[in-house]
Each structure stands twice: as structure tokens, then as C-alpha cells.
Amino acid sequence: VARSNYYPTVGVGPSVSRTRESYNQPNTQRSVTKYQYNTFTLEGQALWEPDQWGQLRRTVEQARANAQASAADLANVELSIRSELATDYFEMRGLDTQQALLDRTVSAYTDFYNLTEVRFKGGAATDVDVAEAETQLKTTRAQAIDIGVARSQYEHAIATLVGTPASSFSLSAIPLDLHLPVIPSAV
């Protein structure tokens, strides 16, 4: 668009009009004078302005720079979205790891709670021990529920970032199991 100012501009404008004059005009004869007629006009215009002081060149350079800035802004937004997607993905996988750990902890606390109840029934533990074991178990289950809610939020964020409705998007729980690389002792 900016470069188009280098070239001439041509415009054409047709017009049509119909005129009807009064029969009662002075100095007219009914059989000789035309009272009704059409006028057809075709007008044209050509403009061209030489770029003597470089204004058009500077306008073209400005438009090119604006286009490059817009492309850079778009690339920046795309990079931000991808980095947010990667962050959300690894956060979700970290929550999967925590969930696996809490599942094992809930299993261990359930066994401990059952053992404490057996010990209480046998007279080797008090009701305070049973209450503490039950509190530990319920607290751990509540933490597991909180992690499930946080995981769902990350899953919905990922669905939004990839442009899929959250209701039809699902990622299976895969704990993040990364092994650290072996670093030589000289490093």
C-alpha cells in the first residue's frame, strides 16, 4: 500500500443525468425544441507526484519497519504462549509425581491407621494415637484432592493454550521421572 504512491493514480467517474424542461418556456416551439434529453459524462483524472524530497521513500521504509515490528510482536506472543505451555505441562507432570507420592503415602497411612486401631483394641495404644493416625490419613487424602484440583486447572490451561475445548481435552497422569545426568567430578 505504501509503495503504491510511487505510481500514478488514475480515476474514472461516469455520470448520467436526464433533464426535462418545461413546455411553457418563452421562445420555444413545441415541435422544434427538445424538452427531454439525457446527458452521459465520463470524467477521468490522472495524478502523479514525483518523490523529490524522499517523503514517499520514508513512508515506505516506515511501513516496512512497522510490518517488521508487528511480525516481531507476533513472534514474541507465540514464544510467550509456548513457554507458558511448557511451564504448565511440567507443573502438571510435577503434580502427577506428587499425586503418586501421596497415593503411596495414603496407602502407608491407611496401614498405620489400621495397625493403630488393632493396637488400641489390644490395649497397646491410646485413643489419642488412633485420632492422630486418623488425622494424618485424612490430611493426606485432603492434600491428594487439592493436587487433583490443581492438576485439573493446569490441564484446562493447557487445553486453552493449544486451542482445544477443556471439556474434550485430557492428558493421562504420567509422573515426571527424570534422572539427573551424571556430572563429572572435574566440572
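Whatever comes next refers back to the structure up there.
Quick summary incoming for the structure in this document. All values reported here derive from a predicted model rather than from experimental measurement. (Residues numbered from 1 in each chain as written. Predicted model: local features only at pLDDT ≥ 70, side-chain atom pairs only at ≥ 80, totals over all residues. Heavy atoms only, no water.)

What about the overall build of the protein chain?
Next, step 1: For the protein chain, the helix and strand inventory stands at 2 helices and 2 strands.
Next, step 2: Going residue by residue from the N terminus, the α and β elements of the protein chain occur as β-β-α-α.
Next, step 3: Against the globule reference of 16 Å for 187 residues, the protein chain gives a C-alpha radius of gyration of 41 Å, more extended than a compact globule.
Next, step 4: On the principal axes, the C-alpha backbone points of the protein chain span a range of 135 × 60 × 25 Å.
Next, step 5: Relative to its full complement of 187 residues, the protein chain shows a buried share of 14%. (Helix = DSSP H or I, 4+ residues; strand = E, 2+ residues; numbered from the N terminus. Rg over C-alpha atoms; globule rule 2.2 N^0.38 Å. Buried < 20%, exposed > 50% of the residue type's maximum accessible area, 1.4 Å probe, protein only.)

Brief notes about the nonpolar core
Next, step 1: Grouped together as the largest cluster of nonpolar side chains are 5 residues: Val-106, Tyr-113, Val-130, Ala-133 and Leu-137.
Next, step 2: Listed by contribution, the elements that provide at least two residues to this core are α1 (55-122) and α2 (127-162). (Core = buried A, V, L, I, M, F, W, Y, C linked by side-chain atoms within 4.5 Å.)

A word on the packing of α1 against α2
Next, step 1: Axis separation between α1 and α2 bottoms out at 8 Å; the angle between their running directions is 160 degrees. It follows from the interaxial angle that α1 and α2 lie roughly antiparallel. Where α1 crosses over α2, the two elements pack in a sense that is left-handed.
Next, step 2: Among the residues making up the contact of α1 with α2, the classes are represented as 22 nonpolar, 9 polar and 12 charged. (Axes fitted to C-alpha atoms, helices over the stretch in contact; angles between N-to-C directions. Parallel < 35°, antiparallel > 145°, perpendicular 65-115°, else oblique. Left-handed = near helix turned anticlockwise from the far one by under 90°. Nonpolar A, V, L, I, M, F, W, Y, C, P; charged D, E, K, R; others polar.)

Description of the packing of aromatic side chains
Next, step 1: Taken as a whole, this structure holds 1 aromatic pair when the rule is applied.
Next, step 2: With a centroid separation of 5.5 Å and 80 degrees between ring planes, the pair formed by Tyr-89 and Phe-90 is classed as edge-to-face.
Next, step 3: Exposure remark for Tyr-89: the relative accessible area of 33% places this residue in the partly exposed category. (Phe/Tyr/Trp six-rings, centres within 6.5 Å; stacked < 30°, edge-to-face > 60°.)

Structural notes on α2
Next, step 1: Here α2 contains 36 residues, and its C-alpha end-to-end distance of 53 Å stays within 8% of the 52 Å for a straight helix at 1.5 Å per residue.
Next, step 2: Of all the positions in α2, only Val-130, Ala-133, Leu-137, Thr-140, Ala-144, Ile-147, Arg-151, Glu-155, Ile-158 and Ala-159 are classed as buried.
Next, step 3: Against α1 lie the buried residues of α2.
Next, step 4: Phi turns positive, to about 80 degrees, at Gly-163, one or two residues after α2. (Expected span 1.5 Å × (residues − 1). Contact = heavy atoms within 4.5 Å.)

Focus on the pairing of strand β2 (residues 36-47)
Next, step 1: Burial analysis of β2 places just 0 of its 12 residues in the buried class, a small minority of the element.
Next, step 2: Bridge count for strand β1 (residues 9-20) against β2 is 12 bridges, and the pairing is antiparallel. Residue Arg-18 lies in a different strand from β2, and its bridge partner there is Asn-38. (Pairing = 2+ DSSP bridges.)

Notes on a nonpolar patch on the surface
Next, step 1: A cluster of nonpolar residues, Val-10, Val-12 and Leu-42, forms a patch on the protein surface that exposes about 340 Å² of accessible area.
Next, step 2: Here Leu-42 lies in strand β2.
Next, step 3: Accessibility expressed as a relative area gives 63% for Leu-42, which makes it exposed. (Patch = residues over 30% accessible without salt bridge, like charges linked within 9 Å, V, L, I, M, F, W, Y side chains within 5 Å. Areas by Shrake-Rupley, 256 points an atom, 1.4 Å probe, with all protein chains shown as cover. Salt bridge = Lys/Arg side-chain N within 4 Å of Asp/Glu carboxyl O.)

Quick look at α1
Next, step 1: An ideal rise of 1.5 Å per residue puts 100 Å on 68 residues; α1 measures up with 98 Å between its terminal C-alpha atoms.
Next, step 2: If you follow the buried residues of α1, they end up packed against α2.
Next, step 3: Among the residues trailing α1, Gly-123 stands out with phi positive, at a value near 90 degrees.

Here's the deal with the environment of Asp-88
Next, step 1: Along the chain, Asp-88 falls in helix α1.
Next, step 2: In sequence terms Asp-88 and Arg-151 are 63 residues apart; their C-alpha atoms lie 9.5 Å from each other.
Next, step 3: For Asp-88, the contacting residues outside a window of four places in its chain are Tyr-154, Ala-157, Ile-158 and Leu-161.

The quantities given are spatial measurements derived from coordinates; they are silent on function.
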